[in-house]
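# Structural overview
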Amino acid sequence: EQNRRNVTIGAAVVVVAGAGAWFWRSSSELKDTRAAQALAQAERSFLSGNLSLAETELQRVVQRYASTPSGVRAKMMLAQAMYGQGRHEQGVALLTEVVGTGAAAPYRAAIHALIAAGYEDLGRFDQAAAAYAAASSAAVSRMERDAYKADQARVFMGTGKSAEALAIWKELSSDESSPMSSEARLRVGELESKAVTRS
């Protein structure tokens, strides 16, 4: 009788746990769906160029669905809307706040690249170069990784840090399979000829 009672209790616990997991999963999926719908509406305003309306709608998505993938994408778009209105400091701060969160994992490289773009517009080129390096490290695909390295090298070139730029371009040019190898070889030639001219 005691064994039967223990088995019954155990079965009930399993059923309740299973129901709880199902409810949590359904609730999470519903939240993600609603977040995606809200983001789509805000995205329409953003793409139409109505940045002030887009910002209001994106703020709503961020407030309600911050922990969802759509919430992260809303923050990325919100930062771009802020950039478009000259509020780069705010945009960079927003992206810096979200980049390390779990929900941001699929977008981490792109977020670092957006942070870099904000720093470039602010004229903070050392921080921009560091953010492009972080974007390259977080990138999943080879093309993306090398593209962010090239962006970092371009920032170095623009600020007169030729040695740092040359090191990156040489790395990219040494690998024929890199999608950036052609540009890298041109840049290496350009930088090396400038160095010869100066000497």
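Keep in mind the model is a prediction, meaning the values are calculated, not measured.

## Comments concerning the pattern of salt bridges
Working definition: two side chains of opposite charge can pair if their charged atoms are close together. Tallying each qualifying case throughout the model produces 14 salt bridges. For Asp175, the salt bridge goes to Arg142, with nearest N and O atoms at 2.3 Å. Placement of the pair is Asp175 in the loop between helix H8 (162–173) and helix H9 (181–198) and Arg142 in helix H7 (residues 142–158), with a sequence separation of 33 residues. Judged by relative accessible area, Asp175 falls into the partly exposed class, the value being 29%. The shortest N-O distance in the salt bridge between Glu183 and Arg187 comes to 3.2 Å. Residue Glu183 and its partner Arg187 are both found in helix H9; the two are separated by four residues, about one turn of the helix. Several salt bridges converge on common partners, so that one network encompasses Asp151, Arg154, Glu183, Arg187, Glu190 and Lys194.

## Regarding the environment of Ala130
Tracing the chain through its elements places Ala130 in helix H6 (residues 125–138). Counting along the chain gives 25 residues from Ala130 to Val155, while the straight-line C-alpha distance between them is 10.0 Å.

## Remarks on the confidence of the model for the chain
Summary statistics for the chain give a mean pLDDT of 84 and a share of 83% for residues scoring 70 or more. Ranking the elements of the chain by mean pLDDT puts helix H1 (residues 2–47) last with 59 and H6 first with 96. Low pLDDT, under 50, characterises residues 1–24; the predicted model gives this stretch zero contacts beyond four residues in sequence or across chains.

## Examining helix H3 (residues 69–84)
An α-helical turn contains 3.6 residues, so any two residues separated by three or four positions project in the same direction. Taking 1.5 Å as the rise per residue, H3 with 16 residues should run 22 Å; its terminal C-alpha atoms sit 23 Å apart, in good agreement. Taking burial as the measure, the 16 residues of H3 include 12 buried ones, the bulk of the element. Residue Gly86 follows H3 closely and has a positive phi angle near 80°.

## Side note on the packing of H6 against H7
To describe two helices that pack against each other, one gives the angle between their axes and the distance between the axes. Across the interface, H6 lies against H7 with an axial gap of 8 Å and an inter-helix angle of 165°. Accordingly, the angle class assigned to the pair H6 and H7 is roughly antiparallel. Helix-helix and strand crossings are classified by hand; for H6 and H7 the assignment is left-handed. Between H6, through Phe125, Ala128, Ala129, Tyr132, Ala133, Ala135 and Ser136, and H7, the contact on the second element is made entirely by Arg145, Tyr148, Lys149, Asp151, Gln152, Val155 and Phe156. Here the residues of the contact of H6 with H7 sort into nine nonpolar, two polar and three charged.

## Things to note about the side chain of Ser45
Tracing the sequence through the fold places Ser45 in helix H1. Taking the relative accessible area as the measure of exposure, Ser45 reaches 6% and is therefore buried. Setting aside anything within four residues of it in sequence, one finds Ser45 in contact with Asn50, Leu53, Ala54 and Glu57.

## Description of the packing of helix H5 (residues 108–121) against H7
Interhelical geometry of H5 versus H7 gives an angle of 15° and a closest axis separation of 12 Å. It follows from the interaxial angle that H5 and H7 lie roughly parallel. H7 is crossed by H5, and the crossing has left-handed handedness. Where H5 approaches H7, its residues Ala109, Ala110, Ala113 and Glu120 are matched on the opposing element by Glu144, Tyr148 and Val155. Broken down by class, the residue content of the contact of H5 with H7 amounts to five nonpolar, no polar and two charged.

## Brief notes about helix H2 (residues 51–65)
Taking 1.5 Å as the rise per residue, H2 with 15 residues should run 21 Å; its terminal C-alpha atoms sit 20 Å apart, in good agreement. Where H2 is concerned, the buried positions are Ala54, Glu55, Glu57, Leu58, Val61, Val62 and Tyr65.

## Considerations on the environment of Met82
Relative to the elements of secondary structure, Met82 occurs in helix H3. A relative accessible area of 5% places Met82 in the buried class. Separated by 30 residues in the primary sequence, Met82 and Ser52 place their C-alpha atoms 9.1 Å from one another. Residue contacts for Met82: discarding those within four places in its chain leaves Glu55, Gln59, Arg87, His88, Gln90, Gly91 and Leu94.

What counts and how
Residues numbered from 1 in each chain as written. Predicted model: local features only at pLDDT ≥ 70, side-chain atom pairs only at ≥ 80, totals over all residues. Heavy atoms only, no water. Salt bridge = Lys/Arg side-chain N within 4 Å of Asp/Glu carboxyl O. Helix = DSSP H or I, 4+ residues; strand = E, 2+ residues; numbered from the N terminus. Buried < 20%, exposed > 50% of the residue type's maximum accessible area, 1.4 Å probe, protein only. pLDDT = per-residue confidence, 0-100. Contact = heavy atoms within 4.5 Å. Expected span 1.5 Å × (residues − 1). Axes fitted to C-alpha atoms, helices over the stretch in contact; angles between N-to-C directions. Parallel < 35°, antiparallel > 145°, perpendicular 65-115°, else oblique. Left-handed = near helix turned anticlockwise from the far one by under 90°. Nonpolar A, V, L, I, M, F, W, Y, C, P; charged D, E, K, R; others polar.

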